[in-house]
Amino acid sequence: CATPQRIDGPGPAFERQGRFAVNLQPAGAAPYAAQGGFSWRDDGRLLRLDLVSPLGGILARIQVESGRAMLERADGSRESAPTPDELLALVWGHPMPVSGLRYWMRGEAAPGLVVDARHDAQDRLTSLRQDGWEVRLSDYDGQGPGRVRLSRQDEQGLWRLQLIADKP
Amino acid sequence: AQPALAQLQAFVDKVESATGRFQQEQISPDGAKRVQAGAFAFQRPGKFRWEVEQPYPQLIVSDGRRVYQYDPDLEQVTERAAGQAIGASPAALLFGSGSLDEAFDLQAQPDRDGLQWLRAIPKTPDAGFTHADIGFSGGLPQRLELLDAFGQTSRILFSGLQANPGIPAARFQFTVPEGADLVKMN
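*Asks:* Give me the lowdown on the packing of aromatic side chains, citing residues and values where you can.
*Replies:* One pass over the full model with this rule turns up seven aromatic pairs over all chains. With a centroid separation of 6.0 Å and an interplanar angle of 70°, the aromatic rings of F11 of chain B and F42 of chain B are classed as edge-to-face. Within this pair, whereas F11 of chain B is found in helix α1 (residues 4–14), its partner F42 of chain B is found in strand β2 (residues 33–43), the two being separated by 31 residues in sequence. You'll find F11 of chain B and F42 of chain B in the same group, each marked buried. Sitting over the ring of Y56 of chain B, R19 of chain A keeps its end group 3.9 Å from the ring centre.

*Asks:* Describe the nonpolar core, and please don't skip the residues or the numbers.
*Replies:* In this structure, L101 and W104 of chain A are the most contacted members of the largest nonpolar core, which totals 37 residues. Beyond its immediate chain neighbours, meaning those up to four positions away, L101 of chain A contacts W40, V148, L150, L161 and L163 of chain A. Ranked by size, the runner-up nonpolar core spans 33 residues in total, among them F22, A91, F104 and A120 of chain B.

*Asks:* So what about unusual backbone geometry? Which residues, and what values?
*Replies:* Across the junction of R44 of chain B and P45 of chain B, the peptide omega takes the value -5°, indicating a cis bond. When you line up the elements, P45 of chain B lands in the loop between β2 and β3 (47–54). For the peptide bond that leads from Q54 of chain B to P55 of chain B, omega is -5°, which places it in the cis range. Positive phi outside glycine occurs at D123 of chain A, with the angle close to 60°.

*Asks:* How would you sum up the side chain of Q69 of chain B? Please name residues and give values.
*Replies:* By the secondary structure assignment, Q69 of chain B is in strand β5 (residues 66–71). Using a relative accessible area of 9% as the deciding quantity, one classes Q69 of chain B as buried. Reaching out from Q69 of chain B, the side chain makes a polar contact with the side chain of Q35 of chain A at a distance of 3.4 Å. Residue contacts for Q69 of chain B: discarding those within four places in its chain leaves Q35, G36 and P54 of chain A together with L59, I60, Q76, V77, T78 and R80 of chain B.

*Asks:* Please give an account of the sheet that holds strand β3 (residues 47–52) of chain A that cites residues and values.
*Replies:* Residue and element names in this part refer to chain A. Pairing is antiparallel in the open sheet, where 11 strands are placed in the order β6-β5-β4-β3-β2-β1-β11-β10-β9-β8-β7. The two strands at the open ends of the sheet, each matched to only one other strand, are β6 (78–81) and β7 (115–119). In this sheet, adjacent strand axes meet at a mean angle of 15° when their direction is disregarded. Pairing of strand β8 (residues 125–130) with strand β9 (residues 133–141) involves four bridges; the strand directions are antiparallel. Counted as the bridge partner of S127 is R136 from β9. Contacting β1 (14–26), β2 (32–42), β3, β4 (58–65), β5 (68–73) and β6, helix α1 (residues 84–92) runs over the sheet at an angle of about 140° to β6.

*Asks:* Tell me about the environment of Q156 of chain A, and name the residues and values.
*Replies:* Here Q156 of chain A lies in the loop between β10 (144–154) and β11 (157–165). Sequence separation between Q156 of chain A and R129 of chain A is 27 residues; the distance between their C-alpha atoms is 18 Å.

*Asks:* So, the pattern of salt bridges: which residues are in play, and what are the values?
*Replies:* Residue and element names in this part refer to chain B. Tallied over the full model, the rule gives 26 salt bridges over all chains. A salt bridge links D113 to R112, with the nearest nitrogen and oxygen atoms 3.8 Å apart. Measuring nitrogen to oxygen at the nearest pair gives 2.8 Å for the salt bridge that ties R112 to E145. In this pair, R112 sits in strand β7 (residues 104–112) while E145 sits in strand β10 (residues 140–147), placing the two residues 33 residues apart along the sequence. Exposure remark for E145: the relative accessible area of 11% places this residue in the buried category. Residues joined in a network through salt bridges with shared partners are E25, R112, D113, R143, E145 and R155.

*Asks:* Pulling in residues and values, what's your account of the interface of chain B and chain A?
*Replies:* The partner chain A presents 36 residues to the 35 residues of chain B that form the contact. Summing both partners gives a buried area of about 2800 Å² for chain B against chain A, and 52% of it is carried by carbon and sulfur. It is R34, L74 and F150 of chain B in chain B that bury the most area against chain A; as a group they hold 27% of the surface buried on that side. At the boundary of chain B with chain A, the tally comes to three salt bridges. Ionic pairing is found between R160 of chain A and D181 of chain B, a salt bridge with its closest N-O pair at 2.9 Å. Our count for the contact surface shared by chain B and chain A stands at 10 residue pairs in polar contact (both at pLDDT 80 or more). Sorting the residues of the side of chain B that touches chain A by element identifies β1 (17–27), β2, β4 (58–63), β5, β6 (76–81) and β12 (181–184) of chain B as the ones contributing at least two each. Broken down by element, the side of chain B that touches chain A gets its largest block of residues, four residues, from β6 of chain B.

*Asks:* Describe in detail the sheet that holds β10 of chain B, supporting the description with residues and values.
*Replies:* All names here are of chain B. Across the sheet, which stays open at both edges, the 12 strands sit in the order β7-β8-β9-β10-β11-β1-β2-β3-β4-β5-β6-β12 with mixed pairing between neighbours. Looking at strand neighbours, the two that pair on one side only are β7 and β12, the edges of this open sheet. When strand polarity is set aside, the average angle formed by the axes of neighbouring strands in this sheet is 20°. Relative to strand β9 (residues 131–137), strand β8 (residues 115–122) runs antiparallel, the two being bridged by five bridges. Bridging from a neighbouring strand, L118 pairs with I134 of β9. The strands touched by α1 within the sheet are β2, β7, β8, β9 and β10, with β8 carrying the most contacts at an inclination of about 75°.

What counts as what
Residues numbered from 1 in each chain as written. Chains lettered and ligands numbered in written order. Predicted model: local features only at pLDDT ≥ 70, side-chain atom pairs only at ≥ 80, totals over all residues. Heavy atoms only, no water. Phe/Tyr/Trp six-rings, centres within 6.5 Å; stacked < 30°, edge-to-face > 60°. Helix = DSSP H or I, 4+ residues; strand = E, 2+ residues; numbered from the N terminus. Buried < 20%, exposed > 50% of the residue type's maximum accessible area, 1.4 Å probe, protein only. Lys NZ or Arg CZ within 6 Å of the ring centre and 35° of its normal. Core = buried A, V, L, I, M, F, W, Y, C linked by side-chain atoms within 4.5 Å. Contact = heavy atoms within 4.5 Å. Polar contact = N/O pair within 3.5 Å; in protein donor to acceptor, adjacent residues only side chain to side chain. Pairing = 2+ DSSP bridges. Axes fitted to C-alpha atoms, helices over the stretch in contact; angles between N-to-C directions. Salt bridge = Lys/Arg side-chain N within 4 Å of Asp/Glu carboxyl O. Buried area = accessible area lost by both parts, 1.4 Å probe.

Structure (structure tokens):
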């Protein structure tokens, strides 16, 4: 999918903290799962995502700028790739739709083809399909959906990602 | 008061099991703070329970062989081998057994806040933290301060610690709740 260079320029940062769960079932390989806390900060130009272990330490930090995505792990090892999706394909063996998440976290569809978009009574986006991902958005608050669930089934396997934002 | 290194060794040798409560503050470099609170229990060697109650439930249980991590809202259970999971993690410092100086370099630190301190530096880089300071008093750990590679500090305050209370085995067992996804790792 086309990677948006910038969403709306370095406006006020969109920030979320909460918990994540990743459940990856690659066809013919061992499953991978991770759970913990996350903090998400996106000012349209720079996105910073911290993945935090339940016992306290930051496990990994992902920083995304136009044209470059970098991951740094707690042990200091680093990976980088042109786009965040490719970066996570490097790390988790399957592309994670980080660029799509930049929009879905705000309750918006990402640029590009949208299939089966559905809205609730307040016209808030509750589900859609993009880039092969089933996206379900719920528990809206002032900032956007408090719960984001992604799932995807393809010939490489079944991929699930959930984010739950802490109630402020 | 006894130096921290002596209190740690006595704690590891004499306190076979314990229960208590914790409050955990994670302070990131830009000052953002996350606070969690809950209850813990451990039984040497290798059994422990870390139950976050506030602001949301999250449970980590090790039966000595397998470690289960369960989040009811996320409806996911991750199960992995105990050895690798607690290895050099903060939990191993207090709840593990055997000689700590296999996994950590232990250095005495000056007293502060009325506690006797030591610094534990993991010998393996993938411990997830740069160093952990433990503050003791009365032979029991009172505070654990972790610094991770990104400059985030995690401070854990222990309270109501009961040594050798006799804990039912079921506290360290875990059954996967109905409807939760179980993912077995390694």
